[in-house]
Amino acid sequence: AKESGKNSWRFYKKSMQQDACENMSIQHNLRYAIERGELALHYQPIVSLPDRDIISFEALLRWTSPEHGAVPPDRFIKLAEQSDLIHLLGRWVLREACKFARTMTDLGLGQISVSVNISPCQLEARDFVSLVRRSIETAAIQPSQLELEVTENVLIHSMEDSIRKLQELKVYGVRLSLDDFGVGYSSLTYLKNLPVKKLKIDKSFIDKILSDDAQFAGAIIHMAHSLGLVVVAEGVETEQQAAELFKYRCDYIQGYLLSRPVPWEQAIDLLIAFRRE
Ligand code: C2E
Ligand code: CA
Ligand code: CA
Ligand code: CA
């Protein structure tokens, strides 16, 4: 037993070293991913209940590296956040997402908005507000066509500075939503401080909605509405979940039930297909 204990420790240590090496290699390759054209944005529709009109798309970053294959965004974004790389990626994502919004308008598909995930460190950058304004102006879209998804983590550091920037963007016309609500320390205090109008309930609550823990999602929706917020349920995978969410008067749903995140050409096809229904 002692032997095998030693072996598993050795294995553990080795795999930690491999991880650290791989992380460094990922960071190194990520730096060139943009210029090598390895990045793409995929778009996932967000639809109204019960009509299922597409009201917006969430932009989700994808990276296929020749060395590492398809790296999950959770992983490479965390690594990008540990260096200045997040600013490079963040700028690219904003520009691409605004371009997509412009394409939808050009195709006469209406002013559908695009949501972009924003890391806390992006918001902390001094020029964040002007970066967002420039992305909007360059693509010649309405500020209301861009939505920024932030998590309560933006309040961990420089809370006042972050709130002031979000407020400024809100006045400019950009929409703001609070992502992953319910995990972490989400509380009413945060909601009161952040100038958001939309709240996204984390998938973990939707997973439980048909079980004994169902009342949480219902309570969050009720609370959000009483504060004048609209609610998106994330990670909706079944018709039963959608039906339950409708019962709770959830405003919008997003999830594999409707579509996985897809490249922009397919997102346009979805928009046209949903229109016809
Ligand atoms: P998120 O913002 O909470 O995005 C939702 C995640 O849930 C996405 O994972 C999406 O593909 C996935 N999802 C959507 N519907 C379903 C469903 O019905 N079932 C399941 N199982 N999953 C569903 P993804 O694309 O892997 O992204 C993971 C996270 O990476 C995102 O979580 C976000 O925090 C981060 N991320 C992605 N793109 C960006 C980006 O451009 N910038 C930043 N800062 N973060 C990003
Ligand atoms: Ca999000
Ligand atoms: Ca989320
Ligand atoms: Ca998440």
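Residues numbered from 1 in each chain as written. Chains lettered and ligands numbered in written order. Predicted model: local features only at pLDDT ≥ 70, side-chain atom pairs only at ≥ 80, totals over all residues. Heavy atoms only, no water.

For the protein, an unreviewed UniProt entry supplies the name Phytochrome-like protein cph2 and the organism Sporomusa sphaeroides DSM 2875.

Enquirer: I keep staring at the site of ligand 1 and nothing clicks. Help me out?
Expert: Neighbouring residues of ligand 1: 21 residues in total, closest R62, N117, S119, E237 and Y256. R62 places a polar side-chain atom, nitrogen or oxygen, 2.8 Å from an oxygen atom of ligand 1. Note that a nitrogen atom of ligand 1 is positioned 3.0 Å from one of the side-chain N or O atoms of S119. Relative to its free-state accessible area of 800 Å², ligand 1 is covered by the protein chains to the extent of 80%. Among the cavities detected, the one that contains ligand 1 is the largest pocket. (Near = heavy atom within 4 Å. Polar contact = N/O pair within 3.5 Å; in protein donor to acceptor, adjacent residues only side chain to side chain. Areas by Shrake-Rupley, 256 points an atom, 1.4 Å probe, with all protein chains shown as cover. 1 Å grid on protein atoms, 1.4 Å probe; cavity = no way out; pocket = protein on both sides within 12 Å on 5 of 7 lines; lining within 4 Å. Sits in = over half its atoms within 2 Å of the grid points.)

Enquirer: Before we go on, may I ask you to explain helix α9 (residues 215–226) in this structure?
Expert: Owing to its 3.6 residues per turn, the α-helix brings residues three or four apart onto one side. End to end, α9 covers 16 Å across 12 residues, agreeing with the expected 16 Å (1.5 Å per residue, within 8%). The inward-facing, buried residues of α9 contact β6 (175–181), α7 (188–193), β7 (198–201), α8 (203–207), β8 (230–233) and α10 (239–247). Phi turns positive, to about 80°, at G228, one or two residues after α9. (Helix = DSSP H or I, 4+ residues; strand = E, 2+ residues; numbered from the N terminus. Expected span 1.5 Å × (residues − 1). Contact = heavy atoms within 4.5 Å.)

Enquirer: Whenever I open this one, the packing of helix α3 (residues 85–106) against helix α5 (residues 128–139) confuses me. Can you help?
Expert: Axes are the key here: two packed helices are described by the angle between their axes and the distance separating the axes. Orientation of α3 relative to α5, taken along the N-to-C sense of each, is 35°, at an axis distance of 9 Å. Here the hand of the crossing between α3 and α5 comes out right-handed. Across from R91, L94, C98, K99 and R102 in α3, the residues of α5 making contact are L131, V132, S135, I136 and A139. Per-class residue counts for the contact of α3 with α5 are six nonpolar, one polar and three charged. (Axes fitted to C-alpha atoms, helices over the stretch in contact; angles between N-to-C directions. Left-handed = near helix turned anticlockwise from the far one by under 90°. Nonpolar A, V, L, I, M, F, W, Y, C, P; charged D, E, K, R; others polar.)

Enquirer: Is there a simple way to explain the nonpolar core in this structure?
Expert: Here is a general trend for soluble globular proteins: nonpolar side chains tend to be buried in one another's company. Ranked by size, the top nonpolar core spans 81 residues in total, and within it F57, V132, L148, L245 and I253 carry the most contacts. Sort the elements by how many residues they give to this core and α3 lands first, with 11 residues. Excluding its chain neighbours within four sequence positions, the residues that come into contact with V132 are L94, L146, L148, L169 and V174. (Core = buried A, V, L, I, M, F, W, Y, C linked by side-chain atoms within 4.5 Å. Buried < 20%, exposed > 50% of the residue type's maximum accessible area, 1.4 Å probe, protein only.)

Enquirer: Teacher, can you tell me more about unusual backbone geometry here?
Expert: Trans peptide bonds make up most of the peptide bonds, and negative phi angles are found at most residues other than glycine. Of the consecutive residues L49 and P50, the connecting peptide bond is found in the cis state with omega at 0°. Relative to the assigned elements, P50 resides in the loop between β1 (39–48) and β2 (54–65). Of note, R52 is a non-glycine position whose phi angle comes to about 60°, a positive value. Here R52 lies in the loop between β1 and β2. By relative accessible area, which is 23% here, R52 ends up partly exposed. Located in the positive-phi region is R249, a residue other than glycine, with phi close to 65°. Turning to its location among the elements, R249 is positioned in the loop between α10 and β9 (252–253).

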